[in-house]
Structures are given as C-alpha cells and as structure tokens.
Amino acid sequence: MTLNLQFMKETLVSTAAGIPTTLGLTCVALLISLPAGFFMALGKLGNRKTAKRLISFYVSFVRGTPIVLQILFVYSLLPSLLNHIVKNVLGMSWNVFNINPIFYAFFVFSFNTAAVLSETFRSALLTVSHGQMEAALSVGLSRTQAYVRIIIPQALVAALPNLCNATVNLLKSTSLAYMMTVKDITAIAKLNAARGYNYIEAYLVIFIIYILLCTTVQLLFYATESVLSGYKRRITI
Amino acid sequence: MLQVKNVHKSFGSNEILKGVSLEVKKGDIVVILGPSGSGKTTLLRCIDFLERADQGSILFDGIETDMHSASKANIARLRKKMGFVFQNYNLFANRTAFGNVMEGLAIARKIPKAEAEARAREVLDQVGLSDRRDYYPSQLSGGQQQRVGIARAIAPRPDVILFDEPTSALDPELVGEVLNVMKSLARSGSTMVVVTHEMQFARDVATKVIFMDGGVVVEEGTPKEVFSHPKEARTVQFLRNIMPGEFDYSI
Ligand SMILES: Nc1ncnc2c1ncn2[C@@H]1O[C@H](COP(=O)(O)OP(=O)(O)OP(=O)(O)O)[C@@H](O)[C@H]1O
Ligand SMILES: [Mg+2]
C-alpha cells in the first residue's frame, strides 16, 4: 500500500482551516470553565452544606458519564427541550433549530472541563498552607485581599501541571465536536477521507496536527510555570 | 491598655479555655508559661480573632468589644492594633522578605508607597536582614524567616505584639538570633505578650509572668515572684519539670 502524498498535502491545507475552530472550542470552554471551576472549588472548601453537595453531585455526574453520551444527550435532547420551552412556555416563534451547533459544543466541553478544573483548583488551594491566610488576616488584610494577593497566586502555580493536562485533554476531546456537525479538524478530515476512501492518509495528517497543537500547549504551560514559580527556587551557588 | 476578660473557648465538647483574663499595660512584656495543651496558643489566637471565642470581652484603649459577637469591622479595627508572630513563621511564600513586610503597610493600611517602603527597610534593618530584603522565604533559614515574621508584625507599629512560641520550631543554634531581636524590641519599649518555653528569656525580660494550666490562669506575678516564690503546687511541678536541678523549692 502506498500513501497518496498529493492527497495528504491537500488534506493538510483543508484541515488546517479547522484549526481555528478546534482552538476556539478549547479557548471558549476554558474561558467559561476556569472561573466556574474556581468558584466551585471555593464552594467545596467553604462551609455551605447545600452548595458542597450540589457541586459534589455535579462533579461525580460528569465523571461518571462518558463525554460521548453527554454529547448525544445535549445534541439530541437539548434542542427539542429548548424548542418545547420556547414554543409552549414562552410562546415565542423563534426557531431553536437554527442555533449554530457550535454553541452546543461550547456547552458540553465547558460543562465537562469545569468539573475537572473544580477538582484541580480544590487540591491546588489546599497546597497553600492555612497559616498564610491567618498571617494575612493578622497583618490586617481582608479575606478577599488575602485570597487575591497571597493564596490564589500560589494555588495557580500549584495548579499549572494539572491545568496543562486538563487543557490538553480538552483540546483532544474537541475532536468529538464532529458529532454535533461542528467543522473542526477531525470533521474536515473525515469529510475529505470519505470522498476518496483515503482514511489512513487523512487520519495521519490530523494525527500530526493534534500532536503539534498539544505539544505547543504543553510548552506554553512549561514556560508559564517556570516564570511564575520563581519564588520557589532556592538560590544555588 | 489591653484587657482580656473571661475568655471561654471549646472545641466540640472539649473546653480549652475556662475563663481566662489578662491585663497588659503599655510597655509590658507579659510571658505566658504552661504545659503543652494548656490553651496558650488558643488564648493568643482568640485575642487576634483567628479563633472565635465562645465568650469573653476585649478592652482596648477603653473600648470594650464582645469577643463572641464582634463584627467584621470591629475585628478588622482590633487586628490592626495587634501584631502576631507565629510558631511556624507563616511567611507569604510568594513575597520576598520586603514584600512580606509591605503587605501590612501599603495594602492593609494604605500607607503611601514611599513611606511604606522606608518603614519596611527600617524594620528589616532592625531585625538584621537588610541584606536579605529581596530573598524569598524558601531562600532563608528558619531564624531569618522568623525575623522577617517579627519585622512583618512590628512594621505597622501595633500597640501590642503577640508571640506564639516564636523559637520552638527553630534549630537550637538559631534560637539566639531571634531571642536577641525580641530582647531589643522589649528594650525599645514595645508591648509584648509572649508564649514561650525559654525560661531565661522570661526571667530576664518579662515584666509579668503568667502560668496557665488546664485552661485557667493558675498564677501570675513578676518573674521573681513566680520563679523564686511560686505559690501554687502546679507551678512548682511545671518549673521542676522544665528546669530540672535548677529549681528545688517546696512551698
Ligand atoms: N482547632 C482545634 N480543634 C480542636 N482542638 C483543638 C484545636 N486547636 C487546639 N485544640 C486543642 O486545644 C488544646 C489546647 O491547645 P493549645 O494549642 O492552645 O495548647 P498550648 O498551650 O499552646 O500547647 P503547646 O505548648 O503544645 O503549644 C489541645 O488539647 C488541642 O488539642
Ligand atoms: Mg501552642
């Protein structure tokens, strides 16, 4: 068997057009789930019982169900549900099925990543000794000031390795967006491949694209970590 | 200047403080002694509101505040009159020595930057760490970290500084440098409440010694009274244990 190099070149160009969609999905999901995950982590460490229980339930729900199933659910059930609400409850004539499917993708990936990040942030916040919070209060800082100036910056550094993992996992899982007819890298490759039955070539191409993207993400995280964790280094002479 | 009255504190069903009262006058060096678990740390933490007392009141400059029901604003106001030096230093790991001192000045008290920086340099100088200003806590020895802890506590010129066993986490050879800083603070007229097991420090520096056991003040007086003529059997027992050989009194 020989690889169709000409086809691979063409596929590379056409799938590259999907990179912005893949990265866009990743970034939007991160932008939503970073603060959401952070506040859920705070909620879990706080002392409100109901909030704690709700968050735990949500996290175990996300963890206990395959993302593919969540996609099937959101993509087939949510539109009908929304349609019902819009038509029968709100009495509007707006067509729910015109919603760009990418919004469903935003929803699923944020929903998933927020759960992962809430755990990441929770364990990261726990790595900062409680004594520093007390010291901050004792010098006259407010609780919010202590969080913003002392606790969170350290927790973020502690969270970076897991944050990197979560981002890479998110980037990879956006390849499932094709199930919602979103035209990301994987979706375009599948379309091209189907046309001439060049599956192997098409998949090899996006294989390489994903590796490059994920490696770049990891390098960015390593660089950030080495900049931000300067205070941890001992001076070695 | 500072008076704490009838402090009670329980953890669960375990009553740790059973009505402790304490008076501190300006310039006093009050040393609190007592066996492990007697509630010394808990008392200091209640005074600085790091722990919420179940009952008790704190009288600062004539204003009395109920310790159990104190509002956020009152707590913030009272905390700014006090400094706290922790057993484990609790330095901000993401701030340099200088940055640690600056938080209480520029951020908590909104002192103008130039003035705050001058004061931060001054106190770091006072604890002998001018040359370590830009070091992070991870780059300092235990003794140096605790001196930064002291600098951070004294920088805003609090009315009273609370010390919770400031030397007990230190290697023996580093204890001296911290005690020296505390002695010079005492000489310069600071008001201090010190929980410590350093008997020599208590004898030399204290203006008042308080012996606590089982959540109550058992005995208090001048160092001379408490060390040379203790009245209570529990005090004698404690002093015997902590200074064997040196202390052979019977009542
Ligand atoms: N947060 C807490 N929860 C439950 N129990 C506590 C808590 N803090 C302190 N205690 C208990 O209160 C008692 C008194 O503790 P405290 O730290 O005040 O004693 P101490 O006199 O400072 O002892 P040491 O000399 O060992 O430091 C101990 O028995 C301890 O187990
Ligand atoms: Mg203690």
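Residues numbered from 1 in each chain as written. Chains lettered and ligands numbered in written order. Predicted model: local features only at pLDDT ≥ 70, side-chain atom pairs only at ≥ 80, totals over all residues. Heavy atoms only, no water.

A. Quick peek at the overall build of chain A. Within chain A, the secondary structure is distributed over 9 helices and 0 strands. Evaluated residue by residue, chain A yields a buried proportion of 43% over its 237 residues. Sequence-distant contacts in chain A: of pairs separated by 6 or more residues, those separated by 24 or more amount to 79%. The averaged location of the 6 negative side-chain charges in chain A is 12 Å from the averaged location of its 18 positive side-chain charges. (Helix = DSSP H or I, 4+ residues; strand = E, 2+ residues; numbered from the N terminus. Buried < 20%, exposed > 50% of the residue type's maximum accessible area, 1.4 Å probe, protein only. Contact = heavy atoms within 4.5 Å. Lys, Arg positive; Asp, Glu negative; His and termini not counted. Charge placed at Lys NZ, Arg CZ, Asp CG, Glu CD.)

B. Quick peek at the environment of L44 of chain B. Residue and element names in this part refer to chain B. Locating L44 in the fold gives a position in helix 1 (residues 40-47). Along the chain, L44 and D164 lie 120 residues apart, while their C-alpha atoms are 7.3 Å from each other. Among residues more than four places away in sequence, those in contact with L44 are F84, L162, F163, D164, V193 and V195.

C. Broad picture of the pairing of strand 8 (residues 192-195) of chain B. All names here are of chain B. Neither face of strand 8 is exposed, since M192 and V194 on one face and V193 and V195 on the opposite face are all buried. Bridge analysis of strand 3 (residues 29-33) against strand 8 gives 4 bridges, and the strand direction is parallel. Bridge assignment links V30 to a residue of strand 8, and that residue is V193. In terms of strand pairing, strand 7 (residues 160-164) meets strand 8 through 4 bridges, oriented parallel. In the sheet register, D164 faces strand 8, and the bridge partner there is V195. Note on the crossover from strand 7 through helix 6 (residues 172-187) to strand 8: the handedness is right-handed. (Pairing = 2+ DSSP bridges. Right-handed = clockwise from strand over helix to strand, strands pointing away.)

D. The arrangement of the sheet that holds strand 1 (residues 2-11) of chain B in detail. Residue and element names in this part refer to chain B. Across the sheet, which stays open at both edges, the 4 strands sit in the order 2-1-4-5 with antiparallel pairing between neighbours. Each edge of the open sheet carries a strand with a single partner, namely strand 2 (14-24) and strand 5 (63-66). Taking each pair of neighbouring strands and ignoring which way they run, the sheet shows an average axis angle of 20°. In the sheet, strand 1 pairs with strand 4 (residues 55-60) via 5 bridges, with the strands oriented antiparallel. Looking at strand 4, one finds that Q3 is bridged to L59. Helix 2 (residues 72-79) rests against strand 4 and strand 5 of the sheet, and its axis sits at about 125° to strand 5. (Axes fitted to C-alpha atoms, helices over the stretch in contact; angles between N-to-C directions.)

E. Molecular detail of the interface of chain A and chain B. Taken residue by residue, the interface counts 20 residues in chain A and 24 residues in chain B. Between chain A and chain B, the buried area comes to about 2000 Å², and carbon and sulfur atoms account for 55% of it. Inspection of the region where chain A meets chain B yields 2 salt bridges. In this structure, the salt-bridge partner of R149 of chain A is E103 of chain B, at a minimum N-O distance of 2.7 Å. Within the residue set of the side of chain A that touches chain B, elements represented by two or more residues are helix 6 (130-138) and helix 7 (143-173) of chain A. Sort the elements by how many residues they give to the side of chain A that touches chain B and helix 6 of chain A lands first, with 7 residues. Split by residue class, the side of chain A that touches chain B holds 9 nonpolar, 6 polar and 5 charged. (Buried area = accessible area lost by both parts, 1.4 Å probe. Salt bridge = Lys/Arg side-chain N within 4 Å of Asp/Glu carboxyl O. Nonpolar A, V, L, I, M, F, W, Y, C, P; charged D, E, K, R; others polar.)

F. Structural context of the layout of surface pockets. The volume enclosed by the largest pocket comes to roughly 720 Å³. As for the largest pocket, its lining consists of 19 residues, of which L42, L45, G46, R143 and Y147 of chain A are closest to the centre. It is helix 7 of chain A that provides the largest number of residues to the lining of the largest pocket, a total of 5 residues. Of the residues assigned to the lining of the largest pocket, the class counts are 11 nonpolar, 6 polar and 2 charged. Considering only enclosed or pocket space, the second largest pocket measures out at about 590 Å³ in volume. In terms of lining residues, the second largest pocket is bounded by 21 residues, among which L137 and R143 of chain A together with K72, I75 and R79 of chain B are the most central. Of all elements in the fold, only helix 6 and helix 7 of chain A together with helix 2 of chain B reach the threshold of two or more residues within the lining of the second largest pocket. (1 Å grid on protein atoms, 1.4 Å probe; cavity = no way out; pocket = protein on both sides within 12 Å on 5 of 7 lines; lining within 4 Å. Points joined across faces, edges and corners; volume = space filled by probe spheres on them.)

G. Up close: unusual backbone geometry. You will see that T181 of chain A, though not glycine, has its phi angle at about 60°, which is positive. With respect to the helices, strands and loops of the structure, T181 of chain A is situated in the loop between helix 7 and helix 8 (185-196). On the basis of relative accessibility, which here comes to 44%, the residue T181 of chain A falls in the partly exposed class. In this structure, K110 of chain B takes a positive phi of about 55° despite not being glycine. Looking at the secondary structure, you find K110 of chain B in the loop between helix 3 (97-107) and helix 4 (113-126). Relative accessible area serves as the criterion here: at 63%, K110 of chain B is assigned to the exposed category.

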